[in-house]
Amino acid sequence: MNILYTQNESANQKNTIIVDGIIYSDMLTGVASDAFKSINKISNEAGNWIWLIDKLKDFGKIESKNFKFIKDSTGIFIKACFQEKDELDRNMPFMFYTQTTSLNEACNLLEDYAKKIHRTCFEKELKILPYLSDKVIYGIVSLCIILLIIILWIIAD
């Protein structure tokens, strides 16, 4: 299942949800209601790499203040904002979930769904996502530890 839920430009408009490529504006029953409950449940789970995401926000690499990322064996969840703004000049937030574990596939699907409703993701955020995988983070940490050991070994000589 692939879900994109987003706010619209005006408080007078119903929010939009896209489920497996189909756009719904009524979330009271059926597939849209079930998808909305599912994505809300996922959004309440703890995110991955919270400390790193906070640092990336501090350095301006992530522009969405509400950015959240969850990747597990069942899929990928991204909570962020689109570049487009609502009537109060705030970036419109979204929640996205896909059952793929491929970050590239998830980013492509998110962009496709966003285009369906004429929205644009922040490019910096999409580019940073592939670096928020366990392998990359552990690789960077391991490399830093190795460099620290080498530096200490050189200093000790």
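Report on the accompanying structure. Keep in mind the model is a prediction, meaning the values are calculated, not measured.

**A word on unusual backbone geometry**
Phase 1 of the analysis: Phi is positive for Asp89, close to 65 degrees, though the residue is something other than glycine.
Phase 2 of the analysis: Relative to the assigned elements, Asp89 resides in the loop between strand E5 (76-85) and strand E6 (91-98).
Phase 3 of the analysis: For Asp89, a relative accessible area of 55% translates into the label exposed.
Phase 4 of the analysis: In this structure, His118 takes a positive phi of about 60 degrees despite not being glycine.
Phase 5 of the analysis: In this structure, His118 sits in the loop between helix H3 (103-116) and helix H4 (123-128).

**So, the pattern of salt bridges**
Phase 1 of the analysis: Considering all chains together, one arrives at 2 salt bridges under this definition.
Phase 2 of the analysis: Measuring nitrogen to oxygen at the nearest pair gives 3.6 Å for the salt bridge that ties Glu9 to Arg119. In this pair, Glu9 sits in the loop between strand E1 (2-6) and strand E2 (16-19) while Arg119 sits in the loop between H3 and H4, placing the two residues 110 residues apart along the sequence.
Phase 3 of the analysis: Residue class for Glu9 comes out partly exposed when judged on its relative accessible area of 36%.

Conventions used here
Residues numbered from 1 in each chain as written. Predicted model: local features only at pLDDT ≥ 70, side-chain atom pairs only at ≥ 80, totals over all residues. Heavy atoms only, no water. Helix = DSSP H or I, 4+ residues; strand = E, 2+ residues; numbered from the N terminus. Buried < 20%, exposed > 50% of the residue type's maximum accessible area, 1.4 Å probe, protein only. Salt bridge = Lys/Arg side-chain N within 4 Å of Asp/Glu carboxyl O.

Function-wise, these values are silent; they only describe arrangement.
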